[in-house]
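Residue strings, one per chain:
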Amino acid sequence: MTYQATDVDGDAPTASVPARKVVAWALWDWGSAAFNAVITTFVFTRWLTSESFVDASVVDAAKAETAAQITDGPAQRALDAVLADHSSWLGWGLAAAGVLIALIAPVTGARSDDSGRRRLWLGIHTGITVAISAAMFFVTPDPGSLTQNLLLGIFLLAVGNVFFELASVNYNATLSQVSTRANVGRISGIGWGAGYIGGIVLLLILFVGFINPEVGWFGVTGEDGMDIRVAVLVSALWFGAFAIPVLVAVPEVRASRTRAHLDIVGAYRKLFADVAGLWRDRRDVLRFLIASAVYRDGLAGVFTFGAVIASVTFGFTASGVIVFAIAANVVSGIATVIAGFIEDKVGPKAIIVTSLVGLLVSGLAVFVLHEGGQTIFWIFGLLLCVFVGPAQSSSRALLLRRTPPGRESEIFGLYATTGRAASFMAPAAWAVFISLTGQQHFGVLGLMLVLLVGLVLLLPVPGVAAAADRRVDDVTAA
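Let us look at the structure shown here.

Thresholds applied
- Numbers given to residues run from 1 along each chain, matching the order in which its sequence is written.
- Local features in a predicted model are, by the rule used here, given only for residues with pLDDT of at least 70; side-chain atom pairs are given and counted only at 80 or more, and totals for whole chains, interfaces and linings are based on all residues.
- Neither water nor hydrogens contribute to the side-chain values; these are computed over all heavy atoms in the structure.
- Strands are runs of DSSP state E lasting at least 2 residues, helices are runs of H or I lasting at least 4, and numbering of each runs from the N terminus.
- Only protein chains enter the accessibility calculation, which uses a 1.4 Å probe. A residue is then buried if its area is under 20% of the maximum for its type, exposed if over 50%, and partly exposed in between.
- Note on definitions: a residue-residue contact is assigned when non-hydrogen atoms from the two residues lie within 4.5 Å.
- What a helix should span is 1.5 Å times the count of its residues minus one.
- Structural elements are reduced to axes, namely lines fitted to C-alpha atoms, with helices fitted over the stretch in contact, and the angle between N-to-C directions of any two is expressed from 0 to 180 degrees.
- Angle categories are assigned with fixed cut-offs, so that under 35 degrees is roughly parallel, over 145 is roughly antiparallel, 65 to 115 is roughly perpendicular, and the rest are oblique.
- A crossing counts as left-handed when the near helix is turned anticlockwise from the far one by less than a right angle, and as right-handed when that turn is clockwise.
- For this scheme, ten residues count as nonpolar: Ala, Val, Leu, Ile, Met, Phe, Trp, Tyr, Cys and Pro. Four count as charged, namely Asp, Glu, Lys and Arg, and the remainder, Gly too, count as polar.
- Only protein atoms enter the 1 Å grid used here, on which a cavity is any set of points holding a 1.4 Å probe that cannot leave and a pocket is any open set flanked by protein within 12 Å on both sides along at least five of seven lines; residues with an atom within 4 Å of a point are listed as lining.
- Grid points are joined across faces, edges and corners, and a volume is the space filled by probe spheres set on the points.
- For this analysis, a polar contact is any N or O atom pair within 3.5 Å, provided that within protein one partner can donate a hydrogen and the other can accept it, and provided that sequence-adjacent residues contribute only side-chain to side-chain pairs.
- In these notes, a set of buried Ala, Val, Leu, Ile, Met, Phe, Trp, Tyr and Cys residues joined through side-chain atoms within 4.5 Å is what counts as a nonpolar core.

What about the overall build of the protein chain?
Summing up its helical and strand segments, the protein chain has 16 helices and 2 strands in all. Evaluated residue by residue, the protein chain yields a buried proportion of 55% over its 478 residues. The long-range fraction of contacts in the protein chain, counting pairs at least 24 apart against all pairs at least 6 apart in sequence, stands at 81%.

If you want it as structure tokens, here you go:
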């Protein structure tokens, strides 16, 4: 199987893309699940904000109150206050990372496009992300330096997020090199699906080999957090290994023949000029960037706080959260791949709107029926996962369909910038609703509000007809 490709500068189709290049490209998504699922969502971040980094005397006092059936005693309140502080520090660290990404992503993206170094910078940014992930192994819950190690973990996580997002800008841009306007939704969906499936496989390996057993593979135990630290180290190796194929199989783009190479100051001037130009000439693209920034933050909030909802509101154990995470990745991966094929027939906007409506219905069901126990979360929590992946994948595909050839990294840099500019909305809405009501499950309404605002902003944006904007007439088999 081969796919007709378009010259990077927008000329007529000149070459076919073998299926092996599509597979090599999708393996980066597969490997990146190590950072998304293990480090930022279900394992490392959760460990940093757990009792492992709280003074043992505070934890033991709270456990003594629990054993004595004392609810909301002074020791428990003290423990809760410490954990809240740690979560706040984590939030500030990630917020600082978001500001850096918003400032530098579009500039680095444009410069990599113009200079013909898209693959080079994909390799560099991915390599740095892998190295930072491996360095997280040295974060330990040492009783003599708990705060220092916690801050080290937050620092590594924040810096890792910066370089992971920069790598994602270049990676998303390479989608144009392995797809056509006719099948971009399908290829994008395959990539997102590969990411979910990679997350499933890796979480299963880590759960069975290190996290769940008292004594895991190679004699690894939970002493000094070694089970978590080894899981993070394995994740770094996993990402590094599966990032290699795209760097080998997908060729470097040519340097632009028409655009001048700019220094940093010039690149920022061009950034503001590009935004002004979008407002003047392609207001629909700018409106999509704004709308997608809002609802993508809501999507991120669903995953970020999903584990917290499962643990606190629905009583899932730590192992139960990982089991649910595996199931969630299965559901999301299958749904995303299927939606990618449907998208090439109905267009990306239809998939995004349908997904957002499905998320709103499922999220409201979780809120209204929360007293129904874990069965309710299994049903409607998994239903939420059905719609998250398709909305993300189709957003990437819709943007690419509207991006001029050769400007992919630049526009995806703006995509990252607008997304980070709105990254405060879901956490803030979550916190405000809980603060006003004193009950955690009301935080779900905050997330749903962000998704609803994103949907309302998206509706006036013109869609892209599936067949009208193709670079080639069809996909050719060889």
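Structural notes on unusual backbone geometry
If you check the backbone angles, F218 has positive phi at about 60° while not being a glycine. Inspection of the secondary structure assignment puts F218 in the loop between α7 (184–211) and α8 (226–249). Judged by its relative accessible area of 80%, F218 falls in the exposed class. The phi torsion at D224 lies on the positive side, around 55°, for a residue other than glycine. You can see D224 is positioned in the loop between α7 and α8.

A few points about helix α6 (residues 146–173)
Helical periodicity: at 3.6 residues per turn, an α-helix aligns residues three or four positions apart in one direction. With 28 residues, α6 should reach 40 Å at 1.5 Å per residue; the first-to-last C-alpha distance of 41 Å fits that figure. Burial analysis of α6 places 20 of its 28 residues in the buried class, the great majority of the element.

Some details on the packing of helix α5 (residues 118–135) against α6
Running from N to C, α5 and α6 cross one another at 155°; their axes reach a closest spacing of 8 Å. The angle between the axes of α5 and α6 places the two elements in the roughly antiparallel class. Pair α5 / α6 crosses with left-handed handedness. Within the contact between the two elements, α5 uses R118, W121, L122, H125, T126, I128, T129, I132 and A135 and α6 uses L156, V159, G160, F163, F164, L166, A167, N170, Y171 and A173. Tallied by class, the residues present in the contact of α5 with α6 amount to 13 nonpolar, 5 polar and 1 charged.

Thoughts on empty space enclosed by the protein
Gaps between atoms show up when a probe of the same size as a water molecule is rolled over them. On inspection of all chains with the given rule, the structure shows 3 cavities of 30 Å³ or more. Estimates place the volume of the largest cavity at around 210 Å³. Taken together, 19 residues form the lining of the largest cavity, with V302, G306, F324, F377 and L384 sitting closest to its centre. Mapped onto the lining of the largest cavity, the elements with two or more residues apiece are α10 (283–312), α11 (318–346), α13 (374–401) and α16 (443–458). Of the residues contributing to the lining of the largest cavity, the split by class is 17 nonpolar, 2 polar and no charged.

Quick word on the packing of helix α1 (residues 19–42) against α5
At a closest axis distance of 12 Å, the pairing of α1 and α5 adopts a crossing angle of 35°. Crossing geometry of α1 relative to α5 is assigned as left-handed. Residue-level contacts link W28, F35 and I39 of α1 to L122, T126, T129 and S133 of α5.

A look at the side chain of S355
Among the structural elements, S355 can be located in helix α12 (residues 348–368). By relative accessible area, which is 3% here, S355 ends up buried. In terms of polar contacts, S355 uses its side chain to reach the backbone carbonyl oxygen of I351, at 2.8 Å. Not counting the four nearest positions on each side in its chain, S355 is found in contact with F387, P390 and A391.

What about the environment of L449?
With respect to the helices, strands and loops of the structure, L449 is situated in helix α16. Separated by 19 residues in the primary sequence, L449 and W430 have C-alpha atoms spaced 9.5 Å apart.

Structural notes on the nonpolar core
Ranked by size, the top nonpolar core spans 109 residues in total, and within it W25, W28, F42, F44, F288, L451 and L458 carry the most contacts. No other element matches the 13 residues that α10 contributes to this core. Contact partners of F42, with chain neighbours within four places excluded, come to A37, L203, F303, A307, V321, A325 and N329.

As for the side chain of S394
Here S394 is to be found in helix α13. The residues touching S394, leaving out its near neighbours within four places in the chain, are E343, P348, I351 and I352.

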